[in-house]
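Okay, here's what each chain looks like letter by letter:
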Amino acid sequence: MSTLISTVAAGFDVEKIRQDFPVLKQTIHGNPLVYLDSAATAQKPTAVVDAIRKFHEVDCANIHRGVHELSQRSTAAYEETRAKTKKFLNAKSVTELIFVRGTTEAINLVSSSWGRTNVKEGDEIVISAMEHHSNIVPWQMLCEEKGAKLRVIPMNDRGELILEEYEKLLNPRTRMVAVAHVSNALGTINPIRRMIEMAHRAGALVLIDGAQAAPHLKVDVQALDADFYTLSGHKICGPTGIGILYGKAKLLNAMPPYQGGGDMIRTVTFEKTTYNDLPYKFEAGTPNIAGGIGMGAALDYLNRIGLDQIAAYEHELLVYGTAQLEQIPGLRIIGTAREKAAVLSFVIEGIHPHDIGTVLDRQGIAVRTGHHCAQPVMDWFHIPATTRASLAFYNTSAEIDKLAAGLRKVKEIFS
Ligand code: 7TS
């Protein structure tokens, strides 16, 4: 039975917000689309689509290299996004924000560039048991290359990191702690402020994978004292292929370039190249200009709604959704952390997640099934996969009711 969410954050009008997302207005297999896969990628509001369109129709030119009007316009619009991101993350300076393809490239940049010069045999890198493959594999590659050791913070049955065990892992050999702000598979919000403090006390740096946090929580990299922080544009309602690596200027300045090419140089001769200043030192080649401009529109859009409003509304959806799913016999929620973002991962006894996903799709309900690029999480819970409904501020309680009804149908079919 549909129960409306009682106290939506003041002024939060979800039906009005939904009007901003044309993609939501369609039917799938004859049913209205219920999009519950925002952790994979968030949908794009008209403002973002329009900004990308305007760039291509009106301002299209390469950036940083033309005196002509179009190049100046596109450079200004692209660089404006850097300034907006500075505000969004509360970075000290725009020079600390590097445009990348997304979180995956941001982490690879740090593991390659910083890792190449700062990690040696016998050093240790600490990650956590709930990391996305993007925050495992680059560090594993670095450790293999350097003869360093990858150490893993364990978690408990709720999917919360065990800080006492984390404390024990930290030692003078620890060079880097790389941990997700929010887990994509479990929804856990990690106590990163405390974890950063602990790492710093041990003399280690910290990279925070913010892919799943930035769309849902207010982030302040200075208050957190994060050394590196990553975000993916496509998860904050922007386009794919664009994201940000934040790094403290003194660290980025000391790191060698990641890739060589145009824009990252100051002078080139066949004998020697000198490199450009931050942030351009890490931005070789023509970037995703349209993507950067689209991401700027996404930041404006999120700011207009307000991250606090978004967080409050999504929390209500999470509480409501958890209560609805818990009523389904045989359903077990995977990831029950006390501090949790709006991710509902679950298994149903005797039914494979792919079957659940397929039956839901026939009803127009889009969920993710599989290991969510977090295979070690699945291994830890001794399950091959989960079904994951990940919520965003454009979802409604009525959509959660549809999910619950859809799951009851799944049970009827497979029982
Ligand atoms: N880190 C986390 C915590 C993520 O959730 C993801 C993507 C990444 C890193 C990689 O981000 P990308 O933008 O570079 O791809 N997560 C998911 C997901 O949960 N389903 O599809 C992609």
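Report follows, based on the coordinates. (Residues numbered from 1 in each chain as written. Predicted model: local features only at pLDDT ≥ 70, side-chain atom pairs only at ≥ 80, totals over all residues. Heavy atoms only, no water.)

Turning next to the sheet that holds strand β4 (residues 97-100). The seven strands are arranged β4-β10-β9-β8-β7-β5-β6 in an open sheet whose pairing can be described as mixed. Where the open sheet ends on each side, the last strands, each with one partner, are β4 and β6 (149-153). Across the sheet, the axes of successive neighbouring strands diverge by a mean angle of 20 degrees, strand direction being ignored. Note that β4 and strand β10 (residues 243-247) share four bridges and pair antiparallel. Within the sheet, the bridge partner assigned to Ile98 lies in β10 and is Leu245. (Pairing = 2+ DSSP bridges. Helix = DSSP H or I, 4+ residues; strand = E, 2+ residues; numbered from the N terminus. Axes fitted to C-alpha atoms, helices over the stretch in contact; angles between N-to-C directions.)

Now for the packing of helix α3 (residues 69-89) against helix α10 (residues 289-305). Running from N to C, α3 and α10 point in directions that differ by 40 degrees, and their axes come no closer than 8 Å. If you check the angle between α3 and α10, you find them oblique. Where α3 crosses over α10, the handedness of that crossing is left-handed. Within the contact between the two elements, α3 uses Ser74, Ala77, Tyr78, Thr81, Lys84, Thr85 and Phe88 and α10 uses Ile289, Gly292, Ile293, Met295, Gly296, Leu299, Asp300, Leu302 and Asn303. Of the residues assigned to the contact of α3 with α10, the class counts are eight nonpolar, six polar and two charged. (Parallel < 35°, antiparallel > 145°, perpendicular 65-115°, else oblique. Left-handed = near helix turned anticlockwise from the far one by under 90°. Contact = heavy atoms within 4.5 Å. Nonpolar A, V, L, I, M, F, W, Y, C, P; charged D, E, K, R; others polar.)

We now examine the sheet that holds strand β13 (residues 331-333). Strand order across the open sheet formed by four strands is β13-β14-β17-β16, with antiparallel pairing between neighbours. Every other strand in the sheet has two partners, leaving β13 and β16 (368-370) as the edge strands with one partner each. Sheet twist, expressed as the average angle between the axes of neighbouring strands with direction ignored, equals 30 degrees. Pairing between β16 and strand β17 (residues 386-390): three bridges, direction antiparallel. Along β17, the bridge assignment pairs Thr369 with Thr387. Packing against the sheet, helix α11 (residues 307-326) makes contact with β13 and β14 (343-348), and its axis sits at approximately 10 degrees to β14. Sheet strands in contact with helix α12 (residues 353-362) are β14, β16 and β17, and its direction is about 160 degrees off that of β16.

Below, the discussion takes up the pattern of salt bridges. Think of it this way: side chains of opposite charge can pair up when their charged atoms draw near. Applying the stated criterion across every chain yields a total of 23 salt bridges. Of the charged contacts, one joins Arg53 and Glu57 as a salt bridge, the two residues approaching to 3.1 Å between their closest N and O atoms. Of the two residues, Arg53 and Glu57 both sit in helix α2 (residues 46-59), four residues apart, roughly one turn of that helix. Here Glu57 falls in the exposed class, since its relative accessible area comes to 55%. A salt bridge links Glu79 to Arg82; the shortest N-O distance between them is 2.8 Å. Highlighted residues: Glu79 and Arg82, both in helix α3, separated by three residues, approximately one helical turn. Here Glu79 matches Arg82 in class, with each residue buried. Each of Lys54, Asp59, Glu69 and Arg73 takes part in one network of salt bridges that share partners. (Salt bridge = Lys/Arg side-chain N within 4 Å of Asp/Glu carboxyl O. Buried < 20%, exposed > 50% of the residue type's maximum accessible area, 1.4 Å probe, protein only.)

Take the side chain of Glu314 next. Mapped onto the elements, Glu314 comes out in helix α11. In this structure, Glu314 is buried with no salt-bridge partner, the nearest side chain bearing the opposite charge being Arg18 at 12 Å. (Lys, Arg positive; Asp, Glu negative; His and termini not counted.)

Below, the discussion takes up the nonpolar core. Grouped together as the largest cluster of nonpolar side chains are 106 residues, with contacts concentrated most on Leu89, Tyr166, Phe393 and Leu407. At ten residues, α10 tops the list of elements feeding residues into this core. Once you skip the residues sitting within four places of it in the chain, Leu407 turns out to touch Leu325, Ile328, Leu331, Phe346, Ile348, Ile356 and Leu360. In terms of nonpolar packing, the next biggest core, distinct from the first, is built from 26 residues, Ala106, Cys143, Ala178 and Leu205 among them. (Core = buried A, V, L, I, M, F, W, Y, C linked by side-chain atoms within 4.5 Å.)

Below, the discussion takes up the site of the ligand. Surveying the vicinity of the ligand reveals 15 residues, the closest of which are Thr104, Asp209, Gln212, Ser232 and Arg388. Contact distances for the ligand include 3.4 Å between an oxygen atom and a backbone N or O atom of Thr103. Within the contact set of the ligand, a nitrogen atom lies 3.0 Å away from a side-chain nitrogen or oxygen of Lys235. When isolated, the ligand has an accessible area of 490 Å², and the protein chains bury 89% of it. (Near = heavy atom within 4 Å. Polar contact = N/O pair within 3.5 Å; in protein donor to acceptor, adjacent residues only side chain to side chain. Areas by Shrake-Rupley, 256 points an atom, 1.4 Å probe, with all protein chains shown as cover.)

Let's shift gears to the packing of aromatic side chains. Under the definition given, this model contains eight aromatic pairs. Look at Phe21 and Tyr301: their rings are 5.8 Å apart centre to centre, the planes differ by 85 degrees, and that puts the pair in the edge-to-face class. In this pair, Phe21 sits in the loop between α1 (14-18) and β1 (27-28) while Tyr301 sits in helix α10, placing the two residues 280 residues apart along the sequence. Look at Tyr301 and you get buried, because its relative accessible area is 4%. Where Tyr78 meets Phe99, the ring centres are 4.3 Å apart and the plane angle is 35 degrees; that geometry is what we call tilted. Here Tyr78 is found in helix α3, whereas its partner Phe99 is found in strand β4, with 21 residues between them in sequence. Of the two residues, Tyr78 and Phe99, both sit in the buried class. Among the aromatic residues, those joined into a ring-pair cluster are Phe21, Tyr301, Phe393 and Tyr394. (Phe/Tyr/Trp six-rings, centres within 6.5 Å; stacked < 30°, edge-to-face > 60°.)

Across its 16 residues, helix α4 (residues 103-118) extends 21 Å between first and last C-alpha, which sits within 8% of the 22 Å expected from 1.5 Å per residue. All of the buried residues in α4 are Thr103, Glu105, Ala106, Ile107, Asn108, Leu109, Val110, Ser111, Ser113, Trp114 and Gly115. (Expected span 1.5 Å × (residues − 1).)

Looking now at the environment of Thr85. Along the chain, Thr85 turns up in helix α3. C-alpha separation for the pair Thr85 and Phe393, spaced 308 residues apart in sequence, amounts to 20 Å.

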